[in-house]
Amino acid sequence: MPAVNIKLRWPDGKVSTAYSPSTVVYEHFEAGHSYPLADFLSLAETAFNAASERVKQVRGFYCSSAMDSLAGLRLLARQYPARDARVEVLDLLTQGADQS
């Protein structure tokens, strides 16, 4: 199952990477797009829950890595209380031989 590393830029310019065990995140994020922080977190919740569910369908168990990534994003987001804070998706990088 291919995985995706999502490269992000936070409101203060800090760059981080989040791991998704599934390419389903392509349905929720677009490289080069900037999201209001609240919208980003909502999309992240949907995307990483879907990724974990995809792993369950294939492997028979939910993915703790997807949930760890989501928790890490929530933790980082707490640093940016400004209402106009935005998160930019810099890139979505697929890993794995099969990129479907």
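What counts, and at which threshold
Just so you know, the residues in each chain are numbered from 1, in the order the chain's sequence is written. Restriction of local features to residues with pLDDT of at least 70 applies here, the model being predicted, together with a cutoff of 80 or more for giving and counting side-chain atom pairs; totals for whole chains, interfaces and linings are based on all residues. Values reported for side chains reflect all heavy atoms of the structure, with hydrogen atoms and water molecules removed beforehand. Every axis in this analysis is a line fitted to C-alpha atoms, fitted for helices over the stretch in contact. Angles between the N-to-C directions lie between 0 and 180 degrees. Numbering of helices and strands starts at the N terminus; helices are DSSP runs of H or I of at least 4 residues and strands are runs of E of at least 2. The cut-offs work like this: below 35 degrees is roughly parallel, past 145 is roughly antiparallel, 65 to 115 is roughly perpendicular, and the gaps in between are oblique. Two residues qualify as a contact provided that any one of their heavy atoms is within 4.5 Å of a heavy atom in the partner residue. Classification used: nonpolar for Ala, Val, Leu, Ile, Met, Phe, Trp, Tyr, Cys and Pro, charged for Asp, Glu, Lys and Arg, polar for all others including Gly. A simple rule labels every residue: compare its accessible area, found with a 1.4 Å probe on the protein chains alone, to the largest value its type can have, and call it buried under 20%, exposed over 50%, or partly exposed in between. A pair of strands counts as paired when DSSP detects no fewer than two bridges linking them. Stacked, tilted and edge-to-face are the three classes assigned to paired rings of Phe, Tyr and Trp, where Trp is represented by its six-membered ring and a pair needs centres within 6.5 Å; plane angles under 30 degrees give stacked, over 60 edge-to-face, the rest tilted.

**Description of the packing of helix α1 (residues 37-59) against helix α2 (residues 64-77)**
Then step 1. Packing of α1 against α2 brings their axes to within 9 Å, and their N-to-C directions diverge by 170°. By the angle class used here, α1 and α2 are roughly antiparallel. Residue-level inspection shows L37, F40, L41, A44, E45, F48, N49 and S52 of α1 in contact with α2, the latter providing A66, M67, S69, L70, L73, R74 and A77.
Then step 2. Of the residues assigned to the contact of α1 with α2, the class counts are 10 nonpolar, 3 polar and 2 charged.

**Things to note about the pairing of strand β1 (residues 3-9)**
Then step 1. β1 sits mainly inside the fold: 5 of its 7 residues count as buried.
Then step 2. Relative to strand β2 (residues 15-20), β1 runs antiparallel, the two sharing 6 bridges. Residue pairing for β2: I6 is matched across the bridge by A18.
Then step 3. Hairpin connection of β1 to β2: 5 residues between the antiparallel strands, including G13 at a positive phi of 95°.

**What about the sheet that holds strand β3 (residues 34-36)?**
Then step 1. With respect to topology, 4 strands assemble into an open sheet ordered β2-β1-β4-β3, the strand pairing being antiparallel. Among the strands making up the open sheet, the edge pair consists of β2 and β3. Direction aside, neighbouring strands of the sheet carry axes that sit 35° apart on average.
Then step 2. The pairing of β1 with strand β4 (residues 86-95) spans 7 bridges and is antiparallel. Each residue of the ladder has a partner; that of I6, found in β4, is L92.
Then step 3. Sitting on the sheet, α1 touches β1, β2, β3 and β4, and the angle it makes with β3 is about 105°.
Then step 4. Along the sheet, α2 makes contact with β1 and β2, crossing β2 at roughly 155°.

**Side note on the packing of aromatic side chains**
Then step 1. Tallied over the entire structure, the rule returns 4 aromatic pairs.
Then step 2. Their ring planes at 15° and their centres at 5.7 Å tell us that W10 and Y80 sit as a pair that is stacked. Of this pair, W10 sits in the loop between β1 and β2 while Y80 is found in the loop between α2 and β4, placing the two residues 70 residues apart along the sequence.
Then step 3. Owing to a relative accessible area of 2%, W10 belongs among the buried residues under this scheme.
Then step 4. By relative accessible area, Y80 is classed as buried at 9%.
Then step 5. Ring geometry for F29 and F40: centres 5.5 Å apart, planes at 35°, overall tilted. Linking F29 in the loop between β2 and β3 with F40 in helix α1, this pair joins segments that are 11 residues apart in sequence. Accessibility assignment for this pair places F29 and F40 in one class, buried.
Then step 6. In textbook terms, an aromatic cluster arises when at least three aromatic residues are bridged by ring pairs, as seen for W10, F29, Y35, F40 and Y80.

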